[in-house]
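Spelled out, the chains give:
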Amino acid sequence: LRMTDLRIEANISPTQQLEFFKRCPQLVAMKVMLPDGRTHIPADLIYEIFGTSCPLVDKIGLECCSLSDAEFTKAIDLCRSRLTIATVFGTDFGPMALQSLMKRHAATLTLVNVTECHAVTSVMNLQILTSCPNLLKFHGSDLKAKDILGILDEAKAVTEQDLSLIQPQEWPCKSLR
């Protein structure tokens, strides 16, 4: 099939959706639609899609699925194209997957959604915001002022003196909306 952007909104299982995606080698954007809440999707099918079946995929939507942080890491590592969109809302996406995403795809990402990913911390959100120069949209659940200001002591209250010592820094995401 010659489809390039595919989102199936029919009432079929995630496995059936992934099997369909595998038949679209020109696919560049895929979003797995999950019927109700967190759903199991077979990691081996994701690996096959990213690694061999659909080498052009650069926009992924894997929301509310049960892939582990290690499975996300392997899937991201298998992507043959540079990702521009990564939406992993409500998943177990975590520190290993983030390192993989930043290592290979930071320069090309324009949209990242890590909202309700319980393993994503404020520091990780800040890493996304300071590593992706072409980022246009970001969705995350937790970003603390102390992390932005570089204050390491969580128990310490931010004082005027702390704020006066902060040196202005270039913000890499100049197009962030």
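Note that this is a predicted model, so its numbers are computed, not measured. (Residues numbered from 1 in each chain as written. Predicted model: local features only at pLDDT ≥ 70, side-chain atom pairs only at ≥ 80, totals over all residues. Heavy atoms only, no water.)

With respect to the overall build of the chain
Inference 1: If you tally the helices and strands in the chain, you get seven helices and six strands.
Inference 2: Shown N-terminal to C-terminal, the secondary structure of the chain runs as helices and strands in the order β-α-β-α-β-α-β-α-β-α-β-α-α.
Inference 3: Expressed as a percentage of the 177 residues in the chain, the buried residues total 43%.
Inference 4: Looking at the chain alone, contacts between residues at least 24 apart form 68% of all its contacts between residues at least 6 apart. (Helix = DSSP H or I, 4+ residues; strand = E, 2+ residues; numbered from the N terminus. Buried < 20%, exposed > 50% of the residue type's maximum accessible area, 1.4 Å probe, protein only. Contact = heavy atoms within 4.5 Å.)

Details of the side chain of D69
Inference 1: The topology assignment puts D69 in helix α3 (residues 69-78).
Inference 2: With a relative accessible area of 14%, D69 lands in the buried category.
Inference 3: For D69, the contacting residues outside a window of four places in its chain are D92, F93, G94, P95, M96 and A97.

Points about the pattern of salt bridges
Inference 1: Inspection of every chain in the model, using the stated rule, returns four salt bridges.
Inference 2: A salt bridge links K22 to E48, with the shortest nitrogen-to-oxygen separation between them at 3.5 Å. Of the two residues, K22 is situated in the loop between α1 (14-21) and β2 (29-32) and E48 in helix α2 (residues 43-53); the sequence distance between them amounts to 26 residues.
Inference 3: For K59, the salt bridge goes to D58, with nearest N and O atoms at 3.0 Å. (Salt bridge = Lys/Arg side-chain N within 4 Å of Asp/Glu carboxyl O.)

Some words on the nonpolar core
Inference 1: If you look at the biggest cluster of nonpolar residues, it comprises 45 residues, and the most contacted ones within it are M30, F50, L62 and F93.
Inference 2: Breaking this core down by element, the ones donating at least two residues are α1, β2, α2, β3 (59-62), α3, α4 (95-105) and α5 (122-131).
Inference 3: Of the residues forming this core, the biggest block, six residues, is contributed by α2. (Core = buried A, V, L, I, M, F, W, Y, C linked by side-chain atoms within 4.5 Å.)

Some details on α3
Inference 1: Taken as a whole, α3 has its buried residues at D69, F72, T73, A75 and I76. Mapping the buried residues of α3 onto a view down its axis gives an arc of 165°, with all of them on the same face.
Inference 2: On its buried face, α3 is in contact with α2, β3 and α4. (Arc of directions from axis to C-beta.)

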